[in-house]
Amino acid sequence: MRYWQRAMIYCARHKGLTDAVHGSRFMTRFSRQFVAAGDGQQAVERMARLCAEGKDSSFFYLGEYVESAEEVEATVRALLQGIPLLAAQGLDMHVSVDPTQIGSMLSWELCRENALRLAEAIKQHAGQAGADTEYDVRRSVLMLDMEDSSVTEPTLELFHTLFDVGLPVAVTVQSYLHRSTDDLAALVDKGAMVRLVKGAFAEPASRAHVRRQDVDDAYRLHLSMLFGHQARETGVYPVLGTHDERMVRFGAALAERGGWNSGEWEVEMLLGVRSALQRQLVEQGTGLRLYCPFGQNWWPYSVRRIGENPRNALFVLRSMAGV
């Protein structure tokens, strides 16, 4: 699996291949599997339709490992323009962002400034929702995505910086990293909103579990922490970022055993992946959020989805063939 992941990551970051694929009209069908829309307005309209189906969404602008100050600012502007559109539709202002999208490759100071801009905009518009509407960080929040392990520590520091000044922020934790148990303990102590994923980067065994069973065991351990007694006391909001039905069932059992209500945790999945399971969760009353990317730079994101699970390639081929 790690060789497959490395191959897909190489394809995602190959500029020549990216340019060629983006120029292919045939390959645009490929993007429709995982991408909500080409621009923010269309993405919000798609998210409104999903909401009518009982599915919440997370707003994400396509682009990663951005090294241009102009592209960084374009990303921030696209998200800032989308936040009031989400508010106008009565949708969650749940915005996901990679630190490398908003300036970390130029400087972490720039990244912090942009994260503050986004989180403050979310808080401002949530506060304008109505005098009788209490602001709820679980519904409208800046979710920090987690990239490769080289940026784990500064991403967590960014979360703590925003959290400590009362801004609506959440963070993603990759359970396969050896350090994640300690990281989660600190987040549970703060009562954080945490999106727990297994991890999709090809990390070395010195930093992460590489055997599937070990990765699964780590995910179960960390779910137990997120649904534990201390987490309930401190106000943790667990988000199960997984398409693994076994882990969803495990988390649901922990929630039931611990007395967690359905509105106190949720499952987050990618748009276009395991649609039947998504429908099943909605029918069962489980909170479901879909990761909804928008924009033109769709190839790196889409090919990384295939890198996470080779079975996604079959879904895409079927979609392209109209099956």
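Let us look at the structure shown here. (Residues numbered from 1 in each chain as written. Predicted model: local features only at pLDDT ≥ 70, side-chain atom pairs only at ≥ 80, totals over all residues. Heavy atoms only, no water.)

Below, the discussion takes up unusual backbone geometry. Backbone geometry follows two general trends: most residues other than glycine have a negative phi, and most peptide bonds adopt the trans configuration. At arginine 274, a position not held by glycine, the phi torsion is positive, near 55°. Of note, arginine 274 is situated in the loop between strand E7 (266-270) and helix H12 (275-284). (Helix = DSSP H or I, 4+ residues; strand = E, 2+ residues; numbered from the N terminus.)

In this section: the nonpolar core. Phe59, Leu142, Leu144, Leu162, Leu187, Phe227 and Val267 are the most contacted members of the largest nonpolar core, which totals 63 residues. Take this core: its biggest share by element is 7 residues, from helix H6 (residues 108-127). Contact partners of leucine 187, with chain neighbours within four places excluded, come to Leu156, Phe159, His160, Val171, Val173, Ala192, Val194 and Val236. By size, the runner-up hydrophobic cluster in this structure holds 7 residues, among which are Phe34, Leu62, Leu270 and Val273. (Core = buried A, V, L, I, M, F, W, Y, C linked by side-chain atoms within 4.5 Å. Buried < 20%, exposed > 50% of the residue type's maximum accessible area, 1.4 Å probe, protein only. Contact = heavy atoms within 4.5 Å.)

Of note, glutamine 101 is situated in the loop between strand E2 (94-97) and H6. Among the polar contacts listed, one links the side chain of glutamine 101 to the backbone oxygen of tyrosine 61, at a separation of 2.4 Å. Beyond its immediate stretch of four places on either side in the chain, glutamine 101 contacts Phe60, Tyr61, Leu62, Gly63, Glu64, Val66, Val72 and Thr75. (Polar contact = N/O pair within 3.5 Å; in protein donor to acceptor, adjacent residues only side chain to side chain.)

On to the environment of arginine 117, then. Here arginine 117 shows up in helix H6. Sequence separation between arginine 117 and valine 76 is 41 residues; the distance between their C-alpha atoms is 8.4 Å. Excluding residues within four positions of it along the chain, arginine 117 makes contact with Glu73, Val76 and Leu80. A polar atom in the side chain of arginine 117 sits 3.1 Å from the side chain of glutamate 73.

Take the side chain of aspartate 148 next. Checked against the element boundaries, aspartate 148 lands in the loop between strand E3 (141-144) and helix H7 (152-164). A distance of 2.9 Å separates polar atoms of two side chains, one belonging to aspartate 148 and the other to tyrosine 65.

Under the counting rule described, the total for this entry stands at 6 aromatic pairs. For the ring pair phenylalanine 227 and tryptophan 265, a centre distance of 5.6 Å and an interplane angle of 85° mean the geometry is edge-to-face. Of this pair, phenylalanine 227 sits in the loop between helix H9 (212-226) and helix H10 (229-234) while tryptophan 265 sits in the loop between helix H11 (245-258) and E7, and the two are 38 residues apart along the sequence. Comparing phenylalanine 227 with tryptophan 265 shows no difference in burial state: the two are buried. One aromatic cluster is present, formed by Phe59, Tyr61 and Phe294 through successive ring pairs. Over the ring of tryptophan 260 we find arginine 232, and its NZ or CZ is 5.4 Å from the ring centre. (Phe/Tyr/Trp six-rings, centres within 6.5 Å; stacked < 30°, edge-to-face > 60°. Lys NZ or Arg CZ within 6 Å of the ring centre and 35° of its normal.)

It is at 10 Å that the axes of H9 and H11 come closest, and there the two elements cross at 25°. It follows that H9 is roughly parallel to H11 by the angle criterion. The two elements H9 and H11 meet at a crossing, and its hand is right-handed. Where H9 approaches H11, its residues Asp216, Tyr219, Arg220, Leu223 and Ser224 are matched on the opposing element by Arg246, Met247, Phe250, Gly251 and Leu254. (Axes fitted to C-alpha atoms, helices over the stretch in contact; angles between N-to-C directions. Parallel < 35°, antiparallel > 145°, perpendicular 65-115°, else oblique. Left-handed = near helix turned anticlockwise from the far one by under 90°.)

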